[in-house]
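# Breakdown of the fold
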Amino acid sequence: MVHVSVVVLALCVSCVLAQPFPCVTPTQLTTRASQYDHLDDVINRYVVVYDAVNQRRAIFEEQNVVNPGRQFREYLILNNLNVLYEINLTLKTCRRSVPQPWRPYGIPPNATFETEYYIGGPGEQLLAQEWSDRIPYRQREYWIGAFSVLNCYPIREVIIANGQVNSTVSTNFYDTVEGILNPDDFLPPAECQNATWVKPDMIKVPRL
């Protein structure tokens, strides 16, 4: 009986040790993203400049969408200064508010490993890992993220807001490069110098 217990314990330890550890996403990235908002039933495309060192993001709506009359925006989120700017690139106007708490890209330290797989086919495969905030036997997942194994770049993210499936947002990241290509992206334009303060719920910031 003692021998069996030792074998079972050894197998359990082996299973735990075999579980991969979360990789570390680069602290500064420039990437493109396509995001599907399930509630609004709309797909938007963005360029995102991400700086975890200084806790700031610049999000630009891509202006290649054929939609007559649409007004395109930039969202300058400066958590280090506790200010958010919404810049209307079409009208050259600006509003400001208080940003939501900083949410880094990357795998949370207490995330649950879900699976590992290859993206693509023979000759063009990318190894990726999928993680979630699921707590086994206690809580379903409300965040799922896929990351490349080699550099830990974000590939895909699914967020179920407030536990409501209909409020899900699915995001795909692509054309990612490490670093900040243009530091001036974090400088508020002239029209933001005297920007009006508004309540946070008056600005719908992409969940990126």
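Report follows, based on the coordinates. (Residues numbered from 1 in each chain as written. Predicted model: local features only at pLDDT ≥ 70, side-chain atom pairs only at ≥ 80, totals over all residues. Heavy atoms only, no water.)

We now examine the state of the cysteines. Tallying each qualifying case throughout the model produces two disulfides. What pairs with Cys23 in a disulfide is Cys152, and their sulfur atoms sit 2.0 Å apart. Residues Cys23 and Cys152 share a disulfide whose torsion about the S-S bond is about 75 degrees; that sign makes it right-handed. Note that Cys23 is positioned in the loop between α1 (2–18) and β1 (28–37) and Cys152 in the loop between β9 (143–148) and β10 (154–160), a separation of 129 residues in sequence. Classification of Cys23 as partly exposed rests on a relative accessible area of 22%. Sequence-ordered numbering of the bonded cysteines in the protein yields a pairing of 1-3, 2-4. (Disulfide = S-S within 2.5 Å. Helix = DSSP H or I, 4+ residues; strand = E, 2+ residues; numbered from the N terminus. Buried < 20%, exposed > 50% of the residue type's maximum accessible area, 1.4 Å probe, protein only.)

This next bit is on the side chain of Arg96. For Arg96, the location among the structural elements is in strand β6 (residues 93–97). A polar side-chain atom of Arg96 sits 2.9 Å from the main-chain carbonyl oxygen of Ala195. When neighbours within four sequence positions are excluded, Arg96 is seen to be in contact with Val83, Leu84, Tyr85, Cys192, Gln193, Ala195, Thr196, Trp197 and Val198. (Polar contact = N/O pair within 3.5 Å; in protein donor to acceptor, adjacent residues only side chain to side chain. Contact = heavy atoms within 4.5 Å.)

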